[in-house]
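Observations on the model geometry
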Amino acid sequence: MVEAVFWFFAAVAIVSALLVVTMRNPIASAFWLVCTMLCLAGIFFLLQAQFIGAIQILVYAGAVMVLFLFVIMLLNLGRDDAALKRTPTWFAAVLLAGVLASQLVPALIRYSSERLAFEYTRSAVLADPRMVFDSTLSAAQATLERGVPGDIAKPLFEHYLVPFELTSILLLAAIVGAVVLAKRRI
Amino acid sequence: MLLGPSLAVSAILFTIGVAGVLLRRNAIVIFMCVELMLNAVNLTFVALSQAYGSSGQVFVFFVMTVAAAEAAVGLAIILSIYRHHKSVDLQQINLLRG
């Protein structure tokens, strides 16, 4: 059941990602990108990352895409672009993407947590991932104790506290930069 | 476990994003393709965090912060480029000076 829902979301995400690239109208591209992001949020829910899924809907499908649509409509870019010409660059890009996908997908689709544990420990025999990553065992317990956001908050505010503070500086710089760039006269 | 299929889906989405950046000429659509690539990487982080522990989800948090900052600054740059050239077609914008 979970796998069927996963493949449904995956198929819709891939088809709408293709439509993002092929649609000639930027507004249509933006709406198909929203569709991709909502499907990814569904996959996040299936992968037991409920908090990330909720943030994905709020921040990406909500805030970031509204910003995109706002700029498209502000600049009145809703007209169709010229059709993609099949130049040598076009063929090179499609070839490169095809090679990249054909190399990555067969290698990754069979990847399992046993393989991850094997690469992590470098032991001769396949290790049990539950023994290698003790956090897997304690994750269910931690979620019960602290709740889903608390499970992320603990590493965020303990181990990654300095990077977390640095992101606030990044956001401040981005706000100042956006105002300076977009304002006609300061 | 959905680890392998999730990584494969994220690879496909990343590849589509790469193709979009190479194919399209509209600056805003190229930008959306970059967001698509960032989303694909987020899926990788979440899939691996299932096996490795929840610190992978912290990195998704950081990627989202960077993506939001990038969207704000990038769209401001597109706005000021549009004021100069009256176009966001990257084929016509090839000079750093205005």
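Residues numbered from 1 in each chain as written. Chains lettered and ligands numbered in written order. Predicted model: local features only at pLDDT ≥ 70, side-chain atom pairs only at ≥ 80, totals over all residues. Heavy atoms only, no water.

**A look at the overall build of chain A**
Selection rule: In this text, helices come from DSSP runs of H or I with a minimum length of four residues, and strands from runs of E with a minimum of two, each type numbered from the N-terminal end. Relative accessibility decides the category of a residue: with a 1.4 Å probe and only protein chains considered, values under 20% of the type maximum give buried, values over 50% give exposed, and everything between is partly exposed. Note on definitions: a residue-residue contact is assigned when non-hydrogen atoms from the two residues lie within 4.5 Å. In short, Shrake-Rupley with a 1.4 Å probe defines the accessible areas, and a residue's cover is counted only from the protein chains shown.
Broken down by element type, chain A carries eight helices and zero strands. Ordering the α and β elements of chain A from the N terminus gives α-α-α-α-α-α-α-α. A buried classification covers 32% of the 186 residues belonging to chain A. Residue pairs at least 24 apart in sequence account for 42% of intrachain contacts in chain A once pairs closer than 6 positions are excluded. Counting only carbon and sulfur atoms, one obtains 71% of the accessible surface of chain A, whose full area is about 11,400 Å².

**A closer look at the pattern of salt bridges**
All names here are of chain A. This is how the line gets drawn: Any carboxyl oxygen of Asp or Glu within 4 Å of a side-chain nitrogen of Lys or Arg constitutes a salt bridge here.
Across all of its chains, the model carries one salt bridge over all chains by this definition. As a salt-bridge pair, glutamate 158 and lysine 154 come within 3.0 Å of each other at their nearest N and O atoms. Taken together, the positions of glutamate 158 and lysine 154, both in helix H7 (residues 134–158) and four residues apart, correspond to about one turn of that helix. Here lysine 154 falls in the partly exposed class, since its relative accessible area comes to 34%.

**Description of the confidence of the model for chain B**
Inclusion rule: What pLDDT conveys is the predictor's confidence in a given residue, as a value from 0 to 100.
Of all residues in chain B, 96% have pLDDT values of 70 or greater, and the mean over the chain is 88. This prediction of the complex comes with two scores: 0.88 for pTM and 0.91 for ipTM.

**Regarding the state of the cysteines**
Cysteine pairs can be covalently joined through their sulfur atoms, and such a bond is termed a disulfide. Operational definition: What counts as a disulfide here is a pair of cysteine sulfur atoms lying within 2.5 Å.
Using the criterion set out here, one finds zero disulfides over all chains in the structure. The structure places no disulfide on Cys39(A), whose sulfur is separated from the nearest cysteine sulfur, that of Cys35(A), by 4.6 Å.

**Here's the deal with helix H4 (residues 88–109) of chain A**
Put simply, the rule is: One less than the residue count of a helix, multiplied by 1.5 Å, gives the span that helix is expected to have. Relevant arc is that of directions from the helix axis to the C-beta atoms, nothing else.
Relative to the 32 Å expected for 22 residues at 1.5 Å per residue, H4(A) spans 31 Å between its end C-alpha atoms, a close match to the ideal helical length. Where H4(A) is concerned, the buried positions are Trp90(A), Ala93(A), Ala97(A) and Val105(A). Projection of H4(A) onto a plane perpendicular to its axis shows the buried side chains occupying an angular sector of 75°, all on one side. Of the exposed residues in H4(A), those oriented more than 90 degrees away from the buried face are Pro88(A), Leu95(A), Gln103(A) and Pro106(A). Contact partners of the buried residues in H4(A): helix H1 (3–23) of chain B.

**Focus: the side chain of Thr15(B)**
Along the chain, Thr15(B) turns up in helix H1. You can call Thr15(B) buried: its relative accessible area is 4%. Among all residues touching Thr15(B), those that are not within four sequence positions of it are Ala97(A), Leu100(A) and Ala101(A).

**A few points about unusual backbone geometry**
Residue and element names in this part refer to chain A. Here glutamine 48, not a glycine, exhibits a phi torsion of approximately 65°, which is positive. Looking at the element boundaries, glutamine 48 is found in the loop between helix H2 (26–46) and helix H3 (50–74). Classification of glutamine 48 as exposed rests on a relative accessible area of 53%.

**Description of the packing of aromatic side chains**
By convention here, two paired aromatic rings are described through the distance between centres and the angle between planes. Where we set the bar: Two aromatic rings, drawn from Phe, Tyr or Trp (for Trp, its six-membered ring), form a pair once their centres lie within 6.5 Å of each other, and the interplanar angle then sorts them: stacked below 30 degrees, edge-to-face above 60, tilted otherwise.
Enumeration according to the criterion identifies 10 aromatic pairs over all chains in this entry. Measuring from centroid to centroid gives 5.8 Å for Phe8(A) and Phe9(A), while their planes differ by 50°, and the two rings are tilted. Residue class for Phe8(A) comes out exposed when judged on its relative accessible area of 52%. Seen from their ring centres, Tyr160(A) and Phe62(B) are 6.5 Å apart, and the 75° between their planes marks the pair as edge-to-face. Highlighted residues: Tyr160(A) in the loop between H7 and helix H8 (161–182) and Phe62(B) in helix H3 (residues 55–85), drawn from two different chains. Tyr160(A) gets classed as buried once you look at its relative accessible area, which sits at 14%. The class for Phe62(B) is buried, based on a relative accessible area of 11%. Through pairs of rings, three or more aromatic residues link up here, namely Tyr160(A), Phe45(B), Phe59(B) and Phe62(B).

**Comments concerning a nonpolar patch on the surface**
Stated formally: Nonpolar side chains (Val, Leu, Ile, Met, Phe, Trp, Tyr) within 5 Å and like charges within 9 Å form the patches, drawn only from residues with over 30% relative accessible area and no salt bridge.
Taken together, the side chains of Leu38(A), Phe45(A) and Ile57(A) define a hydrophobic patch exposed on the protein surface, amounting to about 230 Å² of accessible area. Here Leu38(A) shows up in helix H2.

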